[in-house]
Amino acid sequence: QVQLVESGGGLVQAGGSLRLSCAASGSIFSINAMGWYREAPGKQRELVAVMVSGGRTNYADSVKGRFIISRDNGKNMVYLQMSSLKPEDTAVYCCYADLRITSDSRSVISWGQGTQVTVSS
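Attention here is on the structure that accompanies the text. (Residues numbered from 1 in each chain as written. Predicted model: local features only at pLDDT ≥ 70, side-chain atom pairs only at ≥ 80, totals over all residues. Heavy atoms only, no water.)

Examining the state of the cysteines
Rules: Our working definition of a disulfide is a cysteine sulfur pair at a distance within 2.5 Å. Here a strand is any run of E in DSSP of at least two residues, a helix any run of H or I of at least four, and the numbering for each starts at the N terminus. Only protein chains enter the calculation, and the probe is 1.4 Å; a residue is then buried if its accessible area is under 20% of its type maximum, exposed if over 50%, and partly exposed in between.
Counting across every chain of the model gives one disulfide. With a sulfur-sulfur separation of 1.9 Å, cysteine 22 is cross-linked through a disulfide to cysteine 95. Here the residue cysteine 22 occupies a position in strand β3 (residues 18–26), and cysteine 95 occupies one in strand β9 (residues 91–100), the gap between them amounting to 73 residues. Both residues of the pair, cysteine 22 and cysteine 95, belong to the buried class. A disulfide-free cysteine, cysteine 94 has its sulfur positioned 7.6 Å from the sulfur of cysteine 95, the nearest such atom.

The structure is reproduced here in structure tokens:
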């Protein structure tokens, strides 16, 4: 019923920038929070950034000052502007949304399929 589709991943040299986008569609009443996780081979999944409905943001220490999360609530979209990229940022980036399908339903988490970001040294 709910789909999240990411775009914007790719290959970039160290020091470069990429902008990821994620669009949520389907039966959505409201979105409490949207954010990004990443997972690299041999590493634990890491919360990269999240923005809640009031605009408050939270970032992983490893990306503070380099990544910026933003949302377009009218379009149910979330973006991740990544700058000064490092090889250790290489991972599959997945967006997620904490949302409600109806006004009286409980919150559920929906996930995108992920987009690969590769940073070469």
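From this point on, the discussion continues.
Things to note about the pattern of salt bridges
Definition in use: A pairing counts as a salt bridge when a side-chain nitrogen of Lys or Arg comes within 4 Å of a carboxyl oxygen of Asp or Glu.
Applying the stated criterion to the full structure yields four salt bridges. Between arginine 38 and glutamate 46 there is a salt bridge, with its nearest N and O atoms 2.7 Å apart. Among the salt bridges present, the one from aspartate 89 reaches arginine 66, with a minimum N-O distance of 2.7 Å. Taken together, the positions of aspartate 89 in the loop between β8 (77–82) and β9 and arginine 66 in the loop between β6 (57–59) and β7 (67–72) put the pair 23 residues apart, joining distant regions of the chain. Here the two residues aspartate 89 and arginine 66 agree in accessibility, since each one is buried.

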